[in-house]
Amino acid sequence: QVQLVESGGGLVQAGDSLRLSCVASGRTGRMYAWFRQAPGKEREFVAAVTWTGFSTYYADSVKGRFTISRDDAKNTVYLQMNSLKSEDTAVYYCAADSRTIHTPTYDYWGRGTQVAVSS
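Note that residues are indexed from 1 along each chain, following the sequence as it is written. Local features in this predicted model are restricted to residues of pLDDT 70 or higher, and side-chain atom pairs are both shown and tallied only at a pLDDT of 80 or more, whereas totals for entire chains, interfaces and linings draw on every residue. Side-chain measures here rest on the full set of heavy atoms in the structure, leaving out hydrogens and waters.

Engineer: Just checking my understanding: could you explain the side chain of T76 for this structure?
Structural biologist: Note that T76 resides in strand β8 (residues 76–81). Type-normalised accessible area, obtained with a 1.4 Å probe on protein chains alone, sets the label of each residue: buried when under 20%, exposed when over 50%, and partly exposed for intermediate values. Judged by its relative accessible area of 5%, T76 falls in the buried class. A polar contact is formed between the side chain of T76 and the backbone oxygen of K74, at a distance of 2.7 Å. Those residues within four positions of T76 in sequence are excluded, and the remaining contacts are S21, C22, V23, W51, S69, R70 and D71. For helices the rule is a DSSP run of H or I covering at least 4 residues; for strands it is a run of E covering at least 2, with both sets numbered from the N terminus onward. The definition of a polar contact used here is a pair of N or O atoms within 3.5 Å, where within protein one atom must be able to donate a hydrogen and the other to accept one, and adjacent residues in sequence count solely through side-chain atom pairs. Residues are treated as being in contact if the distance between any of their heavy atoms lies within 4.5 Å.

Engineer: I'm lost on the sheet that holds strand β3 (residues 18–26) in this one. Help?
Structural biologist: Backbone-to-backbone hydrogen bonds pair the strands of a sheet. The strands run either parallel or antiparallel. Think of it this way: DSSP has to see at least two bridges between two strands before they count as a pair. A sheet is described by the order of its strands in space; here 4 strands give the open sequence β1-β3-β8-β7, paired in antiparallel fashion. Edge positions in the sheet fall to β1 (2–7) and β7 (66–71), since each has one partner strand and no second. Within this sheet the neighbouring strands show an average axis-to-axis angle of 20°, counted without direction. Two elements, β1 and β3, share 6 bridges in a ladder whose sense is antiparallel. Its bridge partner lying in β3, Q3 is registered against S25. Whenever a helix is involved, its axis is fitted only over the stretch in contact; in every case the axis is a line through C-alpha atoms, and angles between N-to-C directions fall within 0 to 180 degrees.

Any functional reading would require information that these geometric values do not contain.
Structure below.
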């Protein structure tokens, strides 16, 4: 079992930055990801990282603006979000362990943290 708790969301203006955190407890997952879901839309992939940190993956919509990373010592996965846009507004979910990277088929999910970007 892997337990995930997100934090760091909030209300910001377009162009601002936020850093989301996901603290993992229980056993160590093999793959961690961030997804987001806006009202009335399906949950979509944002970024993923292997626990070794050797490989990272990004949705085209966030490449160059978002960075996913992890801290072994703190059992934490981060999502640094820069140059935020109104279309980044969504609930952001941390997820762990999946046989696929980009689809929401992960075994473990956090409860989410709200990000709202005003234009």
